[in-house]
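Take a look at the letters that make up each chain.
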Amino acid sequence: MRTARLQAADSLREFAGDVRHYFTLQPRQLPSRYFYDDLGSTLFEAICRLPWYPITRAETRLLKAHGGAILSRAAPLTSVVELGSGSGEKLVTLLKSYRGIAPLQVHLIDVSPAALDAAERLLVESSALRVTAHEASYENGLEALRRAPRPRGRLLALFLGSNLGNFDPPGSAEILRRIRAALLPGDAFLLGADLVKPERDMLLAYDDPLGVTAAFNRNLLVRINRELGADFDLAAFDHRATWNSGASRMEMHLVSRCRQRIQIVRSGLEVTLEDGEPIWTESSYKFEPSGILKILEQAGFRRLAQWIDREEPFALTLVEAI
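Definitions and cut-offs
Residues numbered from 1 in each chain as written. Predicted model: local features only at pLDDT ≥ 70, side-chain atom pairs only at ≥ 80, totals over all residues. Heavy atoms only, no water. Pairing = 2+ DSSP bridges. Helix = DSSP H or I, 4+ residues; strand = E, 2+ residues; numbered from the N terminus. Axes fitted to C-alpha atoms, helices over the stretch in contact; angles between N-to-C directions. Contact = heavy atoms within 4.5 Å. Expected span 1.5 Å × (residues − 1). Bend = angle between axes of the 7 residues up to and from the residue. Buried < 20%, exposed > 50% of the residue type's maximum accessible area, 1.4 Å probe, protein only. Core = buried A, V, L, I, M, F, W, Y, C linked by side-chain atoms within 4.5 Å. Polar contact = N/O pair within 3.5 Å; in protein donor to acceptor, adjacent residues only side chain to side chain. Salt bridge = Lys/Arg side-chain N within 4 Å of Asp/Glu carboxyl O. Arc of directions from axis to C-beta. Phe/Tyr/Trp six-rings, centres within 6.5 Å; stacked < 30°, edge-to-face > 60°. Lys NZ or Arg CZ within 6 Å of the ring centre and 35° of its normal. 1 Å grid on protein atoms, 1.4 Å probe; cavity = no way out; pocket = protein on both sides within 12 Å on 5 of 7 lines; lining within 4 Å. Points joined across faces, edges and corners; volume = space filled by probe spheres on them. Nonpolar A, V, L, I, M, F, W, Y, C, P; charged D, E, K, R; others polar.

**Student:** An account of the sheet that holds strand β7 (residues 237-244) is requested, with residue identities and associated values reported.
**Tutor:** Note on sheets: strands pair through backbone hydrogen bonds, and any given pair is parallel or antiparallel. With respect to topology, three strands assemble into an open sheet ordered β7-β8-β11, the strand pairing being antiparallel. If you trace the sheet from one side to the other, it starts and ends with β7 and β11 (278-285), each paired once. On average, each strand axis in the sheet is inclined to that of its neighbour by 20°, with strand direction left out of account. Inspection of the sheet shows β7 paired to strand β8 (residues 249-256) by eight bridges, in the antiparallel sense. Its bridge partner being in β8, H239 is matched across the sheet by L254. Helix-sheet contacts for helix α8 (residues 199-206) involve β7, β8 and β11, and the interaxial angle to β7 is about 150°.

As structure tokens, this is what we get:
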């Protein structure tokens, strides 16, 4: 297998600018894409193995059960692209069903160098793959994909792990349109999306008894301290997860335990947080199966198949670009 690393990591200036923009909004926010430094990626992989976090288990079961059907409907397949590839385990699970002769061109797009390293290590054992890793945001990775020469045949794009749920409705519509714009008519797209389930189960998934998700949330402050010269005191913040039924989303916050002054040097910020004031760090939207199909159709796709894990409600939806 040949691997190549195309680095387009977010610059420190962009990070500082994003933190300045979101932290001065009301309510205060921090962009969730910056969770994934090396430690954040490791903590997220740990979250995926917790008994209270069902997304990875459900999606993996679906990929094992229906991988052959997915690849068959995407044939003749020559290229695979995964947005937010993480450790690469789900991609490997899917590609175990690949029975083609020609090596697949595989593109991994992720903001986390640690995640890309893990995925490359996992994929290096296969001689049937030619892998390019793009250290980039979804938007920049898709733009690179759109411009790059590609072999004849069909491309399959993957957006798994319910990563679409991290976008608000306008944002999810926009990222799906961008994905469609990067594909040719007839290319296939596989979307993994978490479904609405009992509130108690969702709260446990985002506020686990071991405190791993709380550590993942607070690590965003650790990164800002280290890279942007901030002085966040981790002990002065509580992790809080809530279900917003009206918006159909889980929310994560860091809540100030006291009135405190925060300085973020590289963002040029000095602000006062009040006792009990939250910082909104992540949204995770949950879907209904029919709603998934609707937003995909609106983005320019046609349904091929949809599979649902009934044990821990989760959907894989396969569509093609029209």
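**Student:** Outline helix α9 (residues 212-228), listing residues and values.
**Tutor:** In this model, α9 (17 residues) spans 24 Å end to end at C-alpha, consistent with the 24 Å of a helix rising 1.5 Å per residue. Residue R218 marks the point of greatest curvature in α9, where the axis turns by about 25°. When we look at burial in α9, the residues that qualify are V212, T213, A214, F216, N217, N219, L220, L221, R223, I224 and L228. Immediately beyond the C-terminal end of α9, within one or two residues, lies G229, with a positive phi of roughly 65°.

**Student:** So what's going on with the nonpolar core? Residues and values would help.
**Tutor:** Among the nonpolar cores identified, the biggest contains 69 residues, and L156, L190, I224, F232 and I264 are the most heavily contacted of them. Among the elements that line this core, the one with the most residues is helix α3 (residues 55-74), at seven residues. Sequence-distant contacts of I224, defined by excluding residues within four places in its chain, comprise F15, V19, L30, G229, A230, F232 and I264. Listed in part, the 29 residues of the second largest apolar core include L145, L191, I292 and L296.

**Student:** Tell me what's going on with the side chain of S162, and back it up with residues and numbers.
**Tutor:** Checked against the element boundaries, S162 lands in the loop between β5 (154-159) and α7 (169-182). A residue is classified by how much of its surface remains accessible, and S162, at 4% relative accessible area, is buried. In this structure the side chain of S162 is engaged in a polar contact, spanning 2.8 Å, whose partner is the backbone nitrogen of D194. Those residues in contact with S162, other than ones at most four positions away along the chain, are G192, A193, D194, Y285, F287 and F314.

**Student:** Now, about the pattern of salt bridges: what can you tell me, with residues and values included?
**Tutor:** It is possible for side chains bearing opposite charge to pair when their charged atoms get close. Across all of its chains, the model carries 26 salt bridges by this definition. Between R28 and E277 there is a salt bridge; the shortest N-O distance is 2.9 Å. Here E277 lies in the loop between β10 (269-273) and β11 and R28 lies in the loop between α1 (12-23) and α2 (38-47), a separation of 249 residues in the sequence. E277 sits in the buried class, given a relative accessible area of 15%. Here E274 and R259 are joined by a salt bridge, their closest N and O atoms 3.1 Å apart. Taken together, the positions of E274 in the loop between β10 and β11 and R259 in the loop between β8 and β9 (260-264) put the pair 15 residues apart, joining distant regions of the chain. R259 sits in the exposed class, given a relative accessible area of 59%. Through salt bridges that share partners, R57, R61, D309, E311 and E312 make up one connected network.

**Student:** Could you give an account of helix α6 (residues 138-147), naming the residues involved and the relevant values?
**Tutor:** In an α-helix, one turn spans 3.6 residues, which is why side chains three or four residues apart end up on the same side. Every buried residue of α6 is accounted for by Y138, G141, L142 and L145. Summarising the axial view, the buried residues of α6 lie within an arc of 100°, below the 170-degree limit, and thus occupy one face.

**Student:** Let's hear about the packing of aromatic side chains: which residues, and what values?
**Tutor:** Given two aromatic rings, one states the distance between the centres and the angle between the planes to describe the pair. For the structure on display, the rule yields 13 aromatic pairs. Consider the rings of Y36 and F44, whose centres lie 5.8 Å apart with planes at 85°: the pair is edge-to-face. Centroid distance F44 to Y53: 6.4 Å. Interplanar angle 80°. Geometry classified as edge-to-face. Here the guanidinium or amino end of R28 rests over the ring plane of F23, the centre of that ring lying 5.5 Å away. One Lys or Arg, R223, reaches over the ring of F15 and ends 4.8 Å from the middle of that ring.

**Student:** Please provide a residue-by-residue account of the pairing of β7, values included.
**Tutor:** Across the two faces of β7 the burial differs, with F237, H239, A241 and W243 buried and D238, R240, T242 and N244 not buried at all. Connecting the antiparallel pair β7 and β8 is a turn made up of four residues, with S248 showing a positive phi of about 55°.

**Student:** Requested: an account of empty space enclosed by the protein, with residues and values cited.
**Tutor:** For the structure on display, the rule yields one cavity of 30 Å³ or more. Space inside the largest cavity adds up to approximately 170 Å³. If you trace the largest cavity, you find 16 residues lining it, with F44, Y53, N166, Y206 and E282 closest to the centre. Of all the secondary structure elements, the ones that give two or more residues to the lining of the largest cavity are α2, α8, α9 and β11. In terms of residue class, the lining of the largest cavity is made up of nine nonpolar, six polar and one charged.

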